[in-house]
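What follows is the residue order along each chain.
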Amino acid sequence: MAAKIHQMLHHHSSSKDSGAPSEPDSTSPFERQDSAMDRAREDEKRALAQWEDKQRPMSPGEVHMDPERKAVGHSSRTLRKQDFELIKTLGTGTFARVWLVRLLDDRKGAQDSVFALKILRKVDVIRLKQVEHVRNERNVLAAVAGHPFITTMVASFQDHDSLYMLLDYCPGGEVFSYLRRARRFNEPTSQFYAAEIVLILEYLHEKEGVAYRDLKPENILIDAEGHLKLVDFGFAKKVENRETYTLCGTPEYLAPEVIRNTGHGTAVDWWAFGILVYEFLVGQPPFWDQNPMKIYEQIVEGRLRFPSAMSSSARDLISGLCTVDTSKRLGNIQGGAQAVKSHPWFANIDWDQLYQRKVQGPIVPHLRGPADTRNFDEYEPESGEREAYGEELRAKWEGFFDDF
Amino acid sequence: MSLPSDYSNEISALNREIVKAQPADVLQFCANFFLRRLESQRAEFLLSQQHSSPKGRGMAESTFPGNNPFGTSPSGAFTTSGMHSLEEEEENDTIASPTSASFAPGIMDQAPSDSPRESTFGNFGWSAAAGSKPLSPPVFGAADKQSFPNNYNMNRRTSVSAESLNPTSSTHDNWTPPFHQKTPDQQSRLRAAVAGNFLFAPLDDDQSAQVLGALQEKPIPTKGIKVIQQGDVGDYFYVVENGSFDIYVNKSGKLESGPDGLGNRVGTVGPGGSFGELALMYNAPRAATVVSTEASTLWALDRVTFRRILMDSAFQRRRMYEGFLEEVQLLSSLTPYERSKIADALETKKYPAGTTIIREGDVGESFYILETGEAQVFKRGTDKPVKKYKKGDYFGELALLNDAPRAASVVSTTEVKVATLGKNGFQRLLGPVEGIMRRNDPSKASAMDSDAIDPLARK
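A quick note: this is a predicted structure, and the numbers were derived from the prediction, not measured.

## Remarks on the overall build of chain A
A tally of helices and strands in chain A yields 14 helices and 11 strands. The buried share of chain A, taken over its 404 residues, is 64%.

Structure, rendered in structure tokens:
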């Protein structure tokens, strides 16, 4: 609802800025080709090209404000796929592909404007029953845009058969890649990354009422300065004080209450956070088996085993987080995220400095330029076959994509 | 005398490996397995040594020798370093023989010799699975340093998700689970068949009855029928009523055409057995092909039905608890969010008729809500009950506030189900009750023992 209002407001204000008559929009907005549209598009591209320079950490309060008043996170009625050059695939999913793109702009300096563009085909989103998840993803990203450790959705847009989310590009690649190559992180490295994640969860849970639901090293990127960016909000959901039931996540990271389907909330992220810290320190998650059902059996049992002399404060933190009973789970009990931040394992963290991105991270990627992709793996090219987004599907589903 | 649990764990891990690999040379396979385990366990030990090494020096800090901002600071605090290059971890921990008595100090001595090298992570490859790696030589040398000594799958992990589910009562469609009549014999056989499955273990009687009722009979008329095919998406879980099935796994991950398309036969399942339980979680490709070897009968249960039964009962239980809690005057200042947290923490207990749930004079620990059944309140010196409790009534809530003795006894008159929460549990979630009460009305906190709040507090 809020997003819908925002979209209308935004459309209104952008038309006004470009001097276009504010007429009711009877045709599909992305098909309009009048000159006012072109001018609005040029304005928008100029703003995009300069976006990086204006970046600075916003306070939690600033991030939380109405997306309409923020510089980022809006639903654009002017941008098109043709405004970008697709350079390289950065990642693929079952119904989405993320590209490194360059903003096509004649003005000087625009060569440096690169982004990650997540492209979702409407027909695949519908076929895989992910419409609700994709809507959640877009709306949560719009709401949280500007947080220092969450990928910034600069804008979203759509055309006839696809949805687009324009995101900041994190040239450092996935924490996953560093972790697998290093086998495991030492304690200070683990503490640094874990602490930035705590700030993300604190914000998502306590300011936005959002459960992220897919925490794992694969979804954490390193930006050019060595700080984390959480990406892929496909399962993120505004839950507030109601529990939710749809099973989603990654097998090794699923919380017991998700497996047992007794209803879950933001507490699942604290469970997954415990698994994540364990995986940082040990190199693999605590519950694992070739057979996924055996993983789930171990998870609901919740018996953790630690390497014999892992520091006692690390054990204590992980045990607190990976507690089967949510009414005893650290992060979910009294104090919330603050109780996690006060844990002795984080004794060396200056939380304010950390939020301000003033603490140097342990890995700062080596880069030849803003569009360097050396830290990303190679992916198979896109297959040619496409199912058409026909009239029948369109009639039934198009309304669900209004927010884009 | 029982076997040590560590030993049993190792043996069952070995059994799984044997089943999976079907080795020709069993002794060699077992020897290799234990050597691998030893290597892994020693590596873990070394890791733990790293974790316990002092901050600012020692092995742990060699992980990123080129740019580690932590290693340079004796206090362990973060400092800014000018060096930004990224280094590969030195794989020191497998250099020495893990069986050597002096391996740990030897390793520790190597730390200072680490010199920063210019390198990127490049093609540094871990073997993805122990099974694909050549047999390790019995002596661990430097040659082995790139192996990851266990069978964890190091690849990127795929997210999973099931159909979006919304509770029946919130969508106003009157869903009830399908019901298929069964004989008492069939029911007890089914109950036994799923007893060992952790997904069914936590079900209460009602849920259990619903799930068993929803299982649908599926006759398999002849042999050679593929009930599930490896690689296909799965929606059903099956229990074998009678007959027999062979299980095949094709190494390619899916059923292929041709005479060997089934892959290797890895097992057989007969009456009382079950298969396909991952389908009860989410839509995942089948891990095996299951083929009937004779005319048989199956019971089938689909994921959506199973998960809806679990969801609906959890949803109803939560709403019921929240409704009860709203009536508790002592907790009237809780926000809906706090109330739902408390509802989540309530524990269900069942007592037969005639049980004394709380006893006058005892120190109170827990608070109770009567969920089903009836109970009576007794006070010393009177034979007749002074009060009756029915569904939704609550008692003992002053225990959340103080350690005063119970003012009366509560005895169940029928079989009862209560939802209960202890003082510790409450404080763990929301802090002391006094603080919560002061939110609304500071005077309330001091008026705690007033009659209005708990009839049991009456002197």
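After that view, the rundown keeps rolling.
## What to know about the packing of helix H7 (residues 303–326) of chain B against helix H8 (residues 336–345) of chain B
Residues and elements named next belong to chain B. One can describe the packing of H7 onto H8 by two numbers: an axis separation of 9 Å at closest approach and a directional angle of 120 degrees. With respect to their mutual orientation, H7 and H8 come out oblique. Once H7 is placed against H8, the crossing between them reads as right-handed. Two secondary-structure elements touch here, H7 through Arg318, Tyr321, Glu322, Leu325 and Glu326 and H8 through Arg339, Ser340, Ile342, Ala343 and Asp344. Taken together, the residues that form the contact of H7 with H8 break down as four nonpolar, one polar and five charged.

## Observations regarding the packing of aromatic side chains
For the structure shown, the criterion picks out 26 aromatic pairs over all chains. Here A:Trp345 and A:Phe346 contribute two aromatic rings whose centre-to-centre distance is 5.2 Å and whose plane-to-plane angle is 70 degrees, an arrangement assigned as edge-to-face. There is no split in this pair, since A:Trp345 and A:Phe346 are both buried. Their ring planes at 80 degrees and their centres at 5.2 Å tell us that B:Phe33 and B:Phe34 sit as a pair that is edge-to-face.

## A short note on the pattern of salt bridges
Within the structure shown, the criterion is met by 37 salt bridges over all chains. Residues joined in a network through salt bridges with shared partners are A:Glu243, B:Arg318, B:Arg319, B:Glu322 and B:Asp344.

## Topic: the pairing of strand E16 (residues 409–412) of chain B
Walk down a regular strand and you will see the side chains alternate between the two sheet faces. Residue and element names in this part refer to chain B. Burial along E16 is two-sided: the face carrying Ser409 and Val411 and the face carrying Val410 and Ser412 are both buried. Relative to E16, strand E13 (residues 375–378) runs antiparallel, the two sharing four bridges. Its bridge partner being in E16, Gln376 is matched across the sheet by Val411.

## Details of the sheet that holds strand E9 (residues 296–302) of chain B
Residue and element names in this part refer to chain B. The antiparallel open sheet is built from four strands, whose spatial order is E2-E9-E4-E7. What marks the edges here is a single partner per strand, and that holds for strand E2 (216–220) and strand E7 (274–275). Packed onto the sheet, helix H5 (residues 184–195) meets strand E4 (236–242) and E9 and runs at close to 125 degrees relative to E4.

## Some details on the domain arrangement of chain A
Residues and elements named next belong to chain A. Assigned domains of chain A: these are domain 1 (60–171 + 370–401) and domain 2 (175–355). Opposite the 24 residues of domain 1 that make contact, domain 2 presents 29 residues. Where domain 1 touches domain 2, the interface holds two salt bridges. The shortest N-O distance in the salt bridge between Lys118 and Asp232 comes to 3.6 Å. The interface formed by domain 1 and domain 2 contains three residue pairs in polar contact (both at pLDDT 80 or more). Of all the secondary structure elements, the ones that give two or more residues to the side of domain 1 that touches domain 2 are helix H3 (60–64) and helix H5 (131–144). It is H5 that contributes the most residues to the side of domain 1 that touches domain 2, seven residues altogether. Considered class by class, the residues forming the side of domain 1 that touches domain 2 number 11 nonpolar, nine polar and four charged.

## Notes on the domain arrangement of chain B
Quite often, the size of an interface is put as the accessible area lost when its parts meet. Domain boundaries assigned for chain B yield domain 1 (184–309) and domain 2 (328–443). The distance between the C-alpha centroids of domain 1 of chain B and domain 2 of chain B comes to 44 Å.

## Some words on the UniProt feature "binding site: 3',5'-cyclic AMP 1" (unreviewed entry) in chain B
Residues and elements named next belong to chain B. Here the UniProt-annotated "binding site: 3',5'-cyclic AMP 1" (unreviewed entry) positions come out as Glu277 and Arg286. The topology assignment puts Glu277 in the loop between E7 and strand E8 (289–292). Overall, the relative accessible area of 23% leaves Glu277 in the partly exposed class. Along the chain, Arg286 falls in the loop between E7 and E8. According to the relative accessible area criterion, Arg286 is buried, its value standing at 9%. The contacts of Arg286, once residues within four sequence positions are left out, are Ile228, Gln229, Gln230, Gly231, Asp232, Gly234, Asp235, Tyr236, Tyr238, Gly276 and Ala279.

The rules behind the values
Residue indices begin from 1 for each chain and proceed along its sequence in written order. Think of it this way: whatever chain is written first is A, whatever ligand is written first is 1, and the rest follow in order. Since the coordinates come from a predicted model, pLDDT governs what is reported: local features require at least 70, and pairs of side-chain atoms require 80 or more to be given and counted, while whole-chain, interface and lining totals use all residues. Each side-chain value is worked out from all heavy atoms of the structure, with water and hydrogens disregarded. A run of H or I in DSSP becomes a helix once it reaches four residues, and a run of E becomes a strand once it reaches two; helices and strands are each numbered from the N terminus. For every residue, the accessible area obtained with a 1.4 Å probe (protein chains only) is divided by the maximum for its type, and the residue is called buried under 20%, exposed over 50%, and partly exposed between those limits. In this analysis, axes come from line fits to C-alpha atoms, helices being fitted only over the stretch in contact, and the angle between any two N-to-C directions falls in the range 0 to 180 degrees. If an angle is under 35 degrees, it is roughly parallel; if it is over 145, roughly antiparallel; if it lies from 65 to 115, roughly perpendicular; otherwise it is oblique. We call a crossing left-handed when the near helix sits turned anticlockwise from the far one by less than a right angle, and right-handed when that turn is clockwise. Residue contacts are defined here by distance: any two heavy atoms, one from each residue, within 4.5 Å place the two residues in contact. By the convention adopted, Pro, Cys, Tyr, Trp, Phe, Met, Ile, Leu, Val and Ala count as nonpolar, Lys, Arg, Asp and Glu as charged, and the other residues, Gly among them, as polar. Aromatic rings from Phe, Tyr and Trp, with only the six-membered ring used for Trp, were paired whenever their centres fell within 6.5 Å, and each pair was classed as stacked if the ring planes differed by under 30 degrees, edge-to-face if by over 60, and tilted otherwise. Salt bridges, as used here, are contacts in which a Lys or Arg side-chain nitrogen is within 4 Å of a carboxyl oxygen on Asp or Glu. Only strands that DSSP links by at least two bridges are regarded as paired with each other. Note that the domain bounds reflect an automated or database-derived domain assignment. Distance and chemistry together define a polar contact, namely a pair of N or O atoms within 3.5 Å, with one atom able to donate a hydrogen and the other to accept it when in protein, and with adjacent residues in sequence counting only for side-chain atoms on both sides. UniProt positions are given in the numbering used here, feature names are shortened, and annotations may be inferred rather than shown by experiment.

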